[in-house]
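Inside the fold
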Amino acid sequence: MKASPEFPTETEKTTGWRGSRDVWLEAARKALIASGVDSVKVQPLASALSIARTSFYWFFKDRNALLEALLDEWETKNTGAFVDACAAYAETISEAILNLIVVFHDDSVFEPQLDFAIRGWAHQSDAVATRVNLADETRLGAIRAMFARFGFEPSEADVRARTVYLTQIGYISMQVQEDQATRMARVAAYVKTFCGQFPTENELARFHARLKFQPLPSP
């Protein structure tokens, strides 16, 4: 029997009939960042996408399922970036700190605006606040473990981890705007503050290369 044109076949459902799960999720993410969680609603998203509202229900049971997916995406991307960076290979603690600082400078790896939006949402929801607190503990735990790997005692590793993390969260919460050259110029001093030693020239060169940044030559 030929499928009715008003209803998608199973193949159409999985390949993106009138959109896809990722299309809806990306639209929701953008709405969350731009205007907060109250703007993440099915009909406005459908209108923005020029997609039939009914298409949404092929990919999500309801709005709550979409919101849950947003939180899952945030945890996977942003918290995952911290965990991966802290576990990355480094020969020195200063190189390990630079691995983590790369995360702060690369929006494709860690998205500050998404973190800010999720934290704003947490003010409206105890459940979301709980997930944010758990994510913070996961990130801090990863940074503490990084310091411990290089021989720092637990109490010192904890304080240094908090110094690193709360500095970054402060940047996000205050929505600090700096050009890349200004931020990069401060990196070596931040590393010294965070771990007690300056990065070597080779470590900084590798760091700059990862971010495709070309420092100005010394006068």
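Heads up: these notes are all about the structure in this document. Computed from a prediction, not measured in an experiment: that's the story for all the values here.

A look at the side chain of N78
One can find N78 in helix 5 (residues 63–87). Ignoring any residue separated from it by four or fewer positions in sequence, one finds N78 in contact with V109, F110, E111, L114, D115 and R139.

Focus: the layout of surface pockets
Of the voids in this model, the largest pocket is the one considered here, and its volume is about 560 Å³. Residue composition of the lining of the largest pocket, grouped by class: seven nonpolar, six polar and five charged.

Observations regarding the nonpolar core
The biggest cluster of nonpolar side chains holds 36 residues, and the ones touching the most others in it are I97, L100, I143 and F147. Taken together, the elements giving at least two residues each to this core come down to helix 5, helix 6 (93–105), helix 8 (126–149), helix 9 (154–173), helix 11 (187–195) and helix 12 (201–210). Per-element tally for this core: the top contributor is helix 6, with nine residues. Judged by nonpolar contacts, the second largest core, of 29 residues, contains A46, I51, F56 and I118.

A few points about empty space enclosed by the protein
Counted under the stated rule, the structure contains one cavity of 30 Å³ or more. Considered as a void within the structure, the largest cavity measures approximately 130 Å³ in volume. In terms of lining residues, the largest cavity is bounded by 13 residues, among which F104, H105, Y171, R183 and Y190 are the most central. Sorting the residues of the lining of the largest cavity by element identifies helix 6, helix 9 and helix 11 as the ones contributing at least two each. Sorting elements by how many residues they give to the lining of the largest cavity places helix 9 first, with four residues.

Scoring rules and cut-offs
Residues numbered from 1 in each chain as written. Predicted model: local features only at pLDDT ≥ 70, side-chain atom pairs only at ≥ 80, totals over all residues. Heavy atoms only, no water. Helix = DSSP H or I, 4+ residues; strand = E, 2+ residues; numbered from the N terminus. Contact = heavy atoms within 4.5 Å. 1 Å grid on protein atoms, 1.4 Å probe; cavity = no way out; pocket = protein on both sides within 12 Å on 5 of 7 lines; lining within 4 Å. Points joined across faces, edges and corners; volume = space filled by probe spheres on them. Nonpolar A, V, L, I, M, F, W, Y, C, P; charged D, E, K, R; others polar. Core = buried A, V, L, I, M, F, W, Y, C linked by side-chain atoms within 4.5 Å. Buried < 20%, exposed > 50% of the residue type's maximum accessible area, 1.4 Å probe, protein only.

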